[in-house]
Amino acid sequence: MLHIVNKSPFERNSLESCMRMAQEGSTILLTEDGVFAVTKGGVSEKALKNLMASKKISVCALWPDLEARGMADNVIDGVKMVDYGGFVDLVADSANVQSWL
Amino acid sequence: MLHIVNKSPFERNSLESCMRMAQEGSTILLTEDGVFAVTKGGVSEKALKNLMASKKISVCALWPDLEARGMADNVIDGVKMVDYGGFVDLVADSANVQSWL
Amino acid sequence: MDEDVSGTVKKFMFVNRKAPYGTIYALESLEVVLISAAFDQDVSLVFCDDGVYQLKKGQQTKAAGMKNFSPTFRALEGYDIEKLYVEKESLEARGLTEDDLLVDVTVMSSAEMADMMAEQDVVISF
Amino acid sequence: MDEDVSGTVKKFMFVNRKAPYGTIYALESLEVVLISAAFDQDVSLVFCDDGVYQLKKGQQTKAAGMKNFSPTFRALEGYDIEKLYVEKESLEARGLTEDDLLVDVTVMSSAEMADMMAEQDVVISF
Amino acid sequence: MKFGILVNEGPYTHQATDTAYQFAKAAIDKGHSVDRVFFYHDGVNNSSALTEPPQDDRNIVARWTKLAEEHGVDLVVCVAAALRRGIKDDNLAAGFRISGLGQLVESGIQSDRLVVFGD
Amino acid sequence: MKFGILVNEGPYTHQATDTAYQFAKAAIDKGHSVDRVFFYHDGVNNSSALTEPPQDDRNIVARWTKLAEEHGVDLVVCVAAALRRGIKDDNLAAGFRISGLGQLVESGIQSDRLVVFGD
């Protein structure tokens, strides 16, 4: 399953809720203001690292959104960068999709 | 000074930011989804009680919004209920107003 | 209804995470749910985070000058929409219990809700 | 400008709490700030919470297909808008330092920012 | 006391426009004056003459128009924000006028309090 | 693969509409088909023929129209949401059509994946 989060983890609880329900083997894609979650030194760094390690969840981020926000050089290790084509692939390769709006 | 918060404390960080900057003697008014902050057993109960006690901050809530949400009977002690006229009075009686959108 | 729609039964889940009245999402979400009933799909509604407030008993919107749409939840049964699930963790975090809700629901844990979500064909959130 | 506007100088504070691009608030807020310069008021801009991201160096919006408005912050000086304040706590929580910002700002604590906010005549937030 | 009001969100979608209206009405009922309501961001959508809410719901646009007619409230829609969102004189409801952002700053200068309603 | 897309927010205000468009374009570029984009909530404002963004910015409405023309994407605007927000045939941009919510459910049934973009 693919989980999409487009909200800043500093402003809203979307990523937190997503992490509560993301199962082993699923993928979390951060887009729009959601990409701040994968930046170093931020509020979600530890939680995402734990998730990747313990629950074997794949964490991806849309690099056009990271680049727009000047954060492309500041991404935590282990996060996969995708462009819009990669976003399409993630959707196609997952059985279903939930957007945590 | 009057601080207005219209966002749920479960969903957003607005009340948290407001509480960081609300000074002694100021007033916090909860409106719209912000009224969930003054309900018993919620995430903000303790913080608001501390604020009222230690920093002498007055906490008010718009009762039409509490009533709309079925929460009017569930408000923590010490919170003042106001209607739209009371809202107007709060603005008139404060030197200035900040809406934490 | 188109030819190629009739006969197909998919699992639809509507995810409600937002409080009522502050924004229109809850109300307009309910409008989609009602329409979905006409398509004979396998429809589930889940309520988590502030979405649980949508089901709170005793909503009275007169003083706020808005439309009270909460009675519609009671009408869902008449449309054969009977699968309503509420996340236990969200309910507890808000100091609410099942008795505070205006319709019969199944309360489940985050983990159970996650299992159910993973089995859906279509997940729609507002 | 109306007769009764000229001569009056009020303290205006624009509060920026939202990230750029995800929503339009940051961009349209900047448009108000530019206009306010024509009214010879005492204008301050504060950046706190995700608003500090508006000032991040190196924004490149081509791949996202949006308009990069961050260079406008560098033009503010030319409009005599020179009071830019950033909340220290917000910056640190995001792993950022003053060196990451594209314009000169004054970094201050929440307490100092609160003091300044309390002294304003008009506080506009988006 | 003279109040200025800033509305940042569109009708129905966010309660902000409802609260702004209730505030304006209560202020007038208490003998204050509401000189201007400025509509910015999606707030410009409050001025669309084409909205048709369901019969059993409030009519937000008509409510503003009535406030302007009965109490002389100046309803100003930001021109730049309106162009971005498809509000023009063609579809502008009665009682509203389209003007520049200077009108918002002016409202801040001229009113005793400026209150912001948004998301 | 057949994609359905749901857009819940208006143009310019939220990036959701941009991301939805970029996703649709990338899907088509990769050889998938995007059968329908359904516009709900403030998403209906994507269909306003009257928007005039600044010259140096993207034209979101025109972009959707072009996608419909070049790739036969069915752009459907929810009638109930549109009436609430002042979108009618009078101000509907080319390539869009107004219809009922059933078209969204149908899109969920007929497409292999339905992806939601919103706030």
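Calculation rules
Residues numbered from 1 in each chain as written. Chains lettered and ligands numbered in written order. Predicted model: local features only at pLDDT ≥ 70, side-chain atom pairs only at ≥ 80, totals over all residues. Heavy atoms only, no water. Helix = DSSP H or I, 4+ residues; strand = E, 2+ residues; numbered from the N terminus. Rg over C-alpha atoms; globule rule 2.2 N^0.38 Å. Contact = heavy atoms within 4.5 Å. Areas by Shrake-Rupley, 256 points an atom, 1.4 Å probe, with all protein chains shown as cover. Lys, Arg positive; Asp, Glu negative; His and termini not counted. Charge placed at Lys NZ, Arg CZ, Asp CG, Glu CD. Phe/Tyr/Trp six-rings, centres within 6.5 Å; stacked < 30°, edge-to-face > 60°. Buried < 20%, exposed > 50% of the residue type's maximum accessible area, 1.4 Å probe, protein only. Polar contact = N/O pair within 3.5 Å; in protein donor to acceptor, adjacent residues only side chain to side chain.

From N to C terminus, chain C includes 4 helices and 5 strands. Here the C-alpha atoms of chain C give a radius of gyration of 15 Å, agreeing with the 14 Å that 2.2 N^0.38 yields for 126 residues. Viewed in the frame of its principal axes, chain C has a C-alpha envelope of about 45 × 35 × 25 Å. Restricting to contacts in chain C with at least 6 residues of sequence separation, those with at least 24 account for 75%. As presented, chain C carries roughly 4,900 Å² of accessible surface, and 45% of it is formed by carbon and sulfur atoms. Once the 12 positive and 23 negative side-chain charges of chain C are each reduced to a mean point, those two points are 8 Å apart.

Right, let's get into the side chain of R17 of chain C. Mapped onto the fold, R17 of chain C is located in the loop between β1 (11-16) and α1 (25-36). In contact with R17 of chain C, not counting residues within four places along its chain, are N13, S14, S17, W100 and L101 of chain A together with C48, D49, D50 and G51 of chain C.

What follows concerns the packing of aromatic side chains. Residues and elements named next belong to chain E. In total, this model carries 30 aromatic pairs over all chains according to the counting rule given. Ring centres of F23 and F117 lie 5.7 Å apart, and the angle between their planes is 50°; on these two criteria the pair is classed as tilted. Taken together, the residues span a long stretch of sequence, with F23 in helix α1 (residues 16-29) and F117 in strand β5 (residues 113-117) at a distance of 94 residues. Accessibility classification places F23 together with F117 in one group, the buried group.

Relative to the elements of secondary structure, Q41 of chain C occurs in the loop between α1 and β2 (42-47). A distance of 2.9 Å separates the side chain of Q41 of chain C from the backbone oxygen of F39 of chain C, its partner in a polar contact. If we skip the residues at most four places from it in the chain, Q41 of chain C touches T8, V9, K10, F12 and S36 of chain C together with I109 of chain F.

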